[in-house]
Amino acid sequence: MWAWFATHCQETSPLYERISRAVAGDRDLLERLRATPPSAHLPPALLAAVHYLVLSGADHPLAALYAGRAEGDPGPHFLDFCRGHWDEVNNLLSTRHIQTNDCGRSALIAPGLTWLAPRFGGRFSLIDVGASAGLNLLCDTYRIDYGSFGATGPPDSPVAIHCRVAAGEPPIADRLPTFVTRVGIDLSPIDLTDPTDVRWLLACVWPDSGRLERTAASIELAQQDPPRVIAADANSALPDLLSGLPPGTPAVLVTTWAFAYFSPEERQEFIALLDGASLQRDIAWLSAEGPGTVEPLFEAAAAHPDPSGSDILGAVLFNGGAHRGEFLGFVGAHGAWIDWRAARPGAPEQDR
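A. Fine view of the environment of A277. Mapped onto the secondary structure, A277 falls in helix 12 (residues 264-277). Classification of A277 as buried rests on a relative accessible area of 17%. Sequence separation between A277 and F318 is 41 residues, and the spatial gap between their C-alpha atoms is 8.6 Å. Contacts of A277, omitting those with residues within four sequence positions, involve L242 and I283.

Have a look at this one:
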């Protein structure tokens with residue numbers, strides 16, 4: 001698994017690629033990891049735990065490598081750090097869960113919300129499932145730049161996100177639609193008033209990704225008026241949450257690399273739940289997930305084969321107890337790029 005993860009990191013994090021190869025070859029550390037809770041077996045868990053301790057001020061050569069102040073092979077230093085701080089690392093692996101929520105995902109959510117807006121009269125309630133700290137509930141407060149295709153959000157926002165348009169013409173509006181209400185759901189939400197929670201959220205950002213400053217800025221913005229995030233299982237919380245929305249208000253649910261954590265049974269329950277709720281109000285589910293994750297998009301996505309296996313942006317529209325999937329395009333992690341494939345909002349029927 002660690003060898004595979006090293007390959008996965010090749011283009012996005014040379015630092016974590018070299019560290020992952022070192023861990024893959026260290027039998028002692030691998031055996032220690034096998035004794036941790038199953039949720040800690042995935043590589044990002046150990047990487048975040050060590051990053052957390054580095055951000056806490058641990059005195060070790062690894063800190064300079066993470067900060068870009070030194071050069072060299074981080075692998076041996078990472079292994080040495082784990083051996084010297086194993087009790088602290090093990091405690092974090094036993095008590096913390098990966099929180100990969102990144103405000104950059106708003107760059108993918110924004111065109112999807114703009115595409116949905118005409119269908120819902122430009123106003124709806126926004127619900128982020130797997131919201132973590134709720135940073136993407138504030139997507140309308142960020143300045144998101146799509147190069148020659150335009151920009152969304154306040155020009156003076158302290159949070160600036162750049163998204164490359166790889167292909168197509170995504171719908172870019174000066175401002176996002178109006179959110180009547182906004183709320184998140186997460187099994188273990190981040191408390192933005194707790195410095196240790198904030199540090200953990202930052203620790204889950206890869207040190208050499210260029211996203212640390214952006215994430216910190218979005219956290220500072222959210223701390224001024226923290227979004228509401230409910231600590232609950234999504235399928236348990238959604239019935240009451242949806243029924244409690246203002247009457248007649250459409251609802252847009254968002255999942256960004258969160259639905260993959262649902263079991264097959266939980267996925268079916270989620271879809272059936274939204275089918276039932278759509279008897280009372282129109283609902284859309286906007287998702288950015290790996291291929292083969294969102295079943296209602298399978299047929300629509302099959303018309304757009306992608307040999308590279310890129311992640312998929314799609315919308316499932318629920319009305320009157322039934323649903324249909326709409327393929328919107330391919331996307332890169334953390335909002336790095338978007339390949340838009342859907343028709344423009346309001347385009348003639350033959351263009352759809």
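B. Spatial organisation of the sheet that holds strand 3 (residues 151-152). Pairing is mixed across the open sheet formed by three strands, whose spatial order is 3-2-4. Edge strands, defined here as strands with exactly one partner in the open sheet, are strand 3 and strand 4 (160-162). As paired elements, strand 2 (residues 143-145) and strand 4 share three bridges and run parallel to each other. Paired with R143 across the two strands is A160, which belongs to strand 4.

C. Spatial organisation of the packing of helix 4 (residues 43-55) against helix 7 (residues 86-95). At a minimum axis distance of 9 Å, the contact between helix 4 and helix 7 shows a crossing angle of 125°. Comparing the axis directions of helix 4 and helix 7 gives the class oblique. Here helix 4 runs over helix 7; the crossing is right-handed. Contact with helix 4, carried on its side by A45, L46, A49, V50, Y52 and L53, involves E88, V89, L92 and L93 of helix 7 and no other residues of that element. Class assignment of the residues belonging to the contact of helix 4 with helix 7 gives a composition of nine nonpolar, no polar and one charged.

D. Local environment of the side chain of D186. With respect to the secondary-structure elements, D186 resides in strand 6 (residues 178-186). Nearest to the buried, unbridged D186 among oppositely charged side chains is R105, at 8.7 Å. Here the side chain of D186 touches S188 through a polar contact of 2.8 Å, landing on its backbone nitrogen. Ignoring sequence-local partners within four residues, the contact set of D186 consists of Q99, G130, A131, S132, V229, I230, A231 and A232.

E. Structural detail: the sheet that holds strand 8 (residues 251-256). As summarised here, the arrangement of the nine strands in space is 5-12-11-10-9-8-1-6-7, forming an open sheet in which the pairing is mixed. Each end of this open sheet is capped by a strand with a single partner; those strands are strand 5 (164-167) and strand 7 (229-231). Each neighbouring strand pair of the sheet contributes to a mean axis angle of 25°, computed without reference to strand direction. Those strands touched by helix 12 are strand 1 (123-129), strand 8, strand 9 (283-289), strand 10 (311-319) and strand 11 (322-331), and its axis lies near 155° from that of strand 9.

F. Expanded view of the pattern of salt bridges. The final tally for this structure, using the stated rule, is 12 salt bridges. R21 is the partner of E17 in a salt bridge, and the nearest nitrogen-oxygen pair spans 3.4 Å. With E17 and R21 both in helix 2 (residues 14-24) and four residues apart, this pair spans about one turn of that helix. Across the salt bridge formed by R324 and E326, the nearest N and O atoms sit 2.2 Å from each other. Looking at R324, the relative accessible area reads 45%, which means it is partly exposed. Note on E326: relative accessible area 23%, which makes it partly exposed. When salt bridges with common partners are traced through the structure, they connect R27, E31 and R34 into a single cluster.

So, how was this worked out
Per chain, the residues get numbers from 1 upward, laid out in the order the sequence is written. Whole-chain, interface and lining totals are the exception, using all residues; otherwise, since this is a predicted model, local features are given only for residues with pLDDT of at least 70 and side-chain atom pairs are given and counted only at 80 or more. Based on all heavy atoms of the structure, the side-chain values leave hydrogens and waters out of the count. Runs of E in the DSSP output that reach at least two residues are strands. Runs of H or I that reach at least four are helices, and both are numbered from the N terminus. Relative accessibility thresholds used throughout: buried, under 20% of the residue-type maximum; exposed, over 50%; partly exposed, between the two (1.4 Å probe, protein chains only). Contacts are assigned to residue pairs with any non-hydrogen atoms lying within 4.5 Å of each other. Here, strands pair whenever DSSP counts at least two bridges between them. Here an axis means a line fitted to C-alpha atoms, over the contact stretch when the element is a helix, while the angle between two N-to-C directions is reported on a 0 to 180 degree scale. For classification purposes, angles smaller than 35 degrees are called roughly parallel, those larger than 145 roughly antiparallel, those between 65 and 115 roughly perpendicular, and all remaining angles oblique. Handedness of a crossing is defined here by the sense of rotation of the near helix relative to the far one, left-handed for an anticlockwise turn of less than a right angle and right-handed for a clockwise turn. Nonpolar residues are Ala, Val, Leu, Ile, Met, Phe, Trp, Tyr, Cys and Pro. Charged residues are Asp, Glu, Lys and Arg, and all others, Gly as well, are polar. In this count, Lys and Arg are taken as positive residues and Asp and Glu as negative ones, while His and the chain termini are left out. Any Lys or Arg side-chain nitrogen located within 4 Å of an Asp or Glu carboxyl oxygen qualifies as a salt bridge. Throughout this description, a polar contact denotes any pair of N or O atoms lying within 3.5 Å of each other; where both atoms belong to protein, one of them has to be capable of donating a hydrogen while the other can accept it, and for residues adjacent in sequence the pair is counted only when both atoms sit in side chains.

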